[in-house]
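A look at the structure
The residues making up each chain are set out below.
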Amino acid sequence: MLFTVAGIEVQPWVPPLVSFVISFFTSMGGVSGAFLLLPFQMSVLGYVNPSVSSTNQFYNIVAIPSGVWRYIREGRMVWPLTWVVIVGTLPGVFIGAIVRVQYLPDAKNFKLFAAAVLLYIGVRMARDLIKQMKASKSPNGLTSAQAAEKRFQEQVARFREKARQSESHGEKLAAVRVVRFSTTRIAYEFYGETYEVPTFGILSLSFIVGIVGGVYGIGGGAIIAPFFVSFFGLPVYTVAGAALMGTFITSIAGVAFYQAIAPFYPTMSVAPDWLLGFLFGIGGMGGMYAGACCQKHIPARYIKWMLSGLIVFLALKYVRDFFA
């Protein structure tokens, strides 16, 4: 099947299958999978035009709602955190789109930029995991996030046991409860622990992430989710929904902006390949819903190690390609 905008030919079943597998695992960490889908498009399919960034964001629009809906149903959506992320990220996405088209149209240079983004994400995640392992061996034991995640896992285990014993059971998984939302602080409770973050800090981080995400074409969830977990000490089970929802809204804005500026670059492929993005999105939709369902049954550290290893591998591959 020929995709004219992308300038590639591929079997129509390949994009949905690949995106399903990628999004199934990445959605457990609050990431849409777009950051891994872009390397696949560039390195495997040979799609290296600037429009690959907007196509990647269109994938987010189609794929993310299923995962977000699951987190909302289970009460794990921290709405104040979500709204602040959206407000901060949106302006950055527009700036990032201009940077991508104006200063990084060449595939080789863009791959180096992508490598820098991926390497940062992967190394930071690995470093934080090592710190958590050391902390768990210390006399003080688990961090508050780890303690809450452990209690969450224990309740999930009880929940599943009761489900096996009887089709109807009254226990429900505890939802996130917002304690405070103001221009200065955001606070919420999760399994007996209270987490509080500065509103301006989240806003500033989101703006920077929006620029990087706008250039790369990922919406920013892959960058901001690890920051929430490592820098602000928030449980991964509570930030996944907010990161995905923020990525969804900013991706809509990003795709619209890429489409709007396309006429100003008539010699360059800037607007998304709608059909290719849709096929990726359909597979991603199924993968994200399945990943959101399975996330609560898998320890957070396994999710993080898996993502970290894959991200670092891709980053090093792009660095090697740049200097080859």
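In this report, the structure presented in the accompanying data block is examined. (Residues numbered from 1 in each chain as written. Predicted model: local features only at pLDDT ≥ 70, side-chain atom pairs only at ≥ 80, totals over all residues. Heavy atoms only, no water.)

1. Side note on the pairing of strand E4 (residues 185-190)
The cut-off we apply is this: Strands pair, by our definition, only if DSSP identifies at least two bridges between them. Secondary structure is summarised from DSSP: a helix means a run of H or I of at least four residues, a strand means a run of E of at least two, and numbering begins at the N terminus for each.
For strand E3 (residues 177-181) and E4, the ladder comprises four bridges, and the chain directions are antiparallel. The partner of Arg180 across the bridge, within E4, is Ala187. In textbook terms, the turn of a hairpin is the stretch between consecutive antiparallel strands, and for E3 and E4 this stretch comprises three residues. Connecting the antiparallel pair E4 and strand E5 (residues 193-198) is a turn made up of two residues, with Tyr191 showing a positive phi of about 50°.

2. A short note on helix H7 (residues 199-216)
Worth spelling out the cut-off: To estimate the expected span of a helix, subtract one from its residue number and multiply by 1.5 Å.
With 18 residues, H7 extends 25 Å between its outermost C-alpha atoms, agreeing within 8% with the 26 Å of an ideal straight helix rising 1.5 Å per residue. Just past H7, the residue Gly217 takes up positive phi, approximately 95°.

3. Some words on a nonpolar patch on the surface
Basically, it comes down to this: Nonpolar side chains (Val, Leu, Ile, Met, Phe, Trp, Tyr) within 5 Å and like charges within 9 Å form the patches, drawn only from residues with over 30% relative accessible area and no salt bridge. Accessible areas in this description were obtained via Shrake-Rupley with a 1.4 Å probe; residue shielding takes into account the shown protein chains only. We define a salt bridge as a side-chain nitrogen of Lys or Arg found within 4 Å of a carboxyl oxygen belonging to Asp or Glu.
Together, Trp13, Leu17, Phe20, Val21 and Phe25 make up an exposed nonpolar region whose accessible area comes to about 490 Å². The residue Val21 is located in helix H1 (residues 14-26) in this model.

4. What about the pairing of E5?
Across six bridges, the pairing between E4 and E5 is antiparallel. Bridge pairing in E5 places Glu189 opposite Thr194.

5. So, the nonpolar core
This is how the line gets drawn: Grouping buried Ala, Val, Leu, Ile, Met, Phe, Trp, Tyr and Cys residues that are joined through side-chain atoms within 4.5 Å yields what is termed a nonpolar core. The classification of residues rests on relative accessible area computed with a 1.4 Å probe and restricted to protein chains. Under 20% of the type maximum is buried, over 50% is exposed, and intermediate values are partly exposed.
Formed by 81 residues in total, the largest nonpolar core has its most connected members in Phe35, Leu81, Leu118, Ile202, Tyr216, Phe228 and Leu234. In terms of nonpolar packing, the next biggest core, distinct from the first, is built from eight residues, Val101, Tyr258, Ile261 and Val270 among them.

6. Structural notes on the layout of surface pockets
In plain terms, the rule: Cavities and pockets were defined on a 1 Å grid built over protein atoms only: a cavity is a set of grid points that admits a 1.4 Å probe from which the probe cannot escape, a pocket is an open set flanked by protein on both sides within 12 Å along at least five of seven lines, and lining residues are those with an atom within 4 Å of any such point. Grid points are joined across faces, edges and corners, and a volume is the space filled by probe spheres set on the points. Just so you know the grouping, Ala, Val, Leu, Ile, Met, Phe, Trp, Tyr, Cys and Pro go in nonpolar, Asp, Glu, Lys and Arg go in charged, and all remaining residues, Gly too, go in polar.
In this structure, the second largest pocket spans a volume of roughly 240 Å³. Listed by contribution, the elements that provide at least two residues to the lining of the second largest pocket are H1, helix H2 (34-44) and helix H11 (300-323). Among the residues forming the lining of the second largest pocket, the class breakdown is 11 nonpolar, two polar and one charged.

7. Here we look at the packing of helix H4 (residues 79-103) against H7
Inclusion rule: Fitted lines through C-alpha atoms give the axes, limited to the stretch in contact for helices. The angle between two N-to-C directions lies from 0 to 180 degrees. Left-handed is the label given to a crossing in which the near helix is rotated counterclockwise from the far helix by less than a right angle, and right-handed is the label when the rotation is clockwise.
Running from N to C, H4 and H7 cross one another at 35°; their axes reach a closest spacing of 6 Å. H4 and H7 meet at a crossing whose hand is right-handed. Here the residues of the contact of H4 with H7 are counted per class, giving 14 nonpolar, eight polar and one charged.

8. Description of the packing of aromatic side chains
Remark: the centre distance and the inter-plane angle together describe each pair of aromatic rings, the angle taken between the planes. Rules: Pairing of aromatic side chains here covers Phe, Tyr and the six-membered ring of Trp, requires ring centres within 6.5 Å, and sorts the geometry by plane angle: under 30 degrees stacked, over 60 edge-to-face, intermediate tilted. Think of it as a cone above the ring: NZ of Lys or CZ of Arg counts as a charge over the ring if it is within 6 Å of the ring centre and within 35 degrees of the ring normal.
This structure, assessed with the given rule, holds nine aromatic pairs. Ring plane angle 25° and centroid distance 5.3 Å describe the contact between Trp79 and Trp83, whose orientation is recorded as stacked. Taken together, the residues Trp79 and Trp83, both in helix H4 and four residues apart, mark about one turn of the helix. Using a relative accessible area of 30% as the deciding quantity, one classes Trp79 as partly exposed. Each member of the aromatic cluster is reached from another via a ring pair, and the members are Phe110, Phe113 and Tyr216. Here the guanidinium or amino end of Arg100 rests over the ring plane of Phe110, the centre of that ring lying 3.7 Å away.

9. What to know about the pattern of salt bridges
Inspection of the entire model under this criterion finds three salt bridges. With a shortest N-O distance of 3.0 Å, Glu189 and Arg177 are connected by a salt bridge. Of the two residues, Glu189 is situated in strand E4 and Arg177 in strand E3; the sequence distance between them amounts to 12 residues. Classification of Arg177 as partly exposed rests on a relative accessible area of 46%. Residue Arg185 is joined to Glu196 by a salt bridge in which the shortest nitrogen-to-oxygen separation is 3.1 Å. Here Glu196 lies in strand E5 and Arg185 lies in strand E4, a separation of 11 residues in the sequence. Looking at Glu196, the relative accessible area reads 39%, which means it is partly exposed. Because the salt bridges share partners, they merge into one network encompassing Arg180, Arg185 and Glu196.

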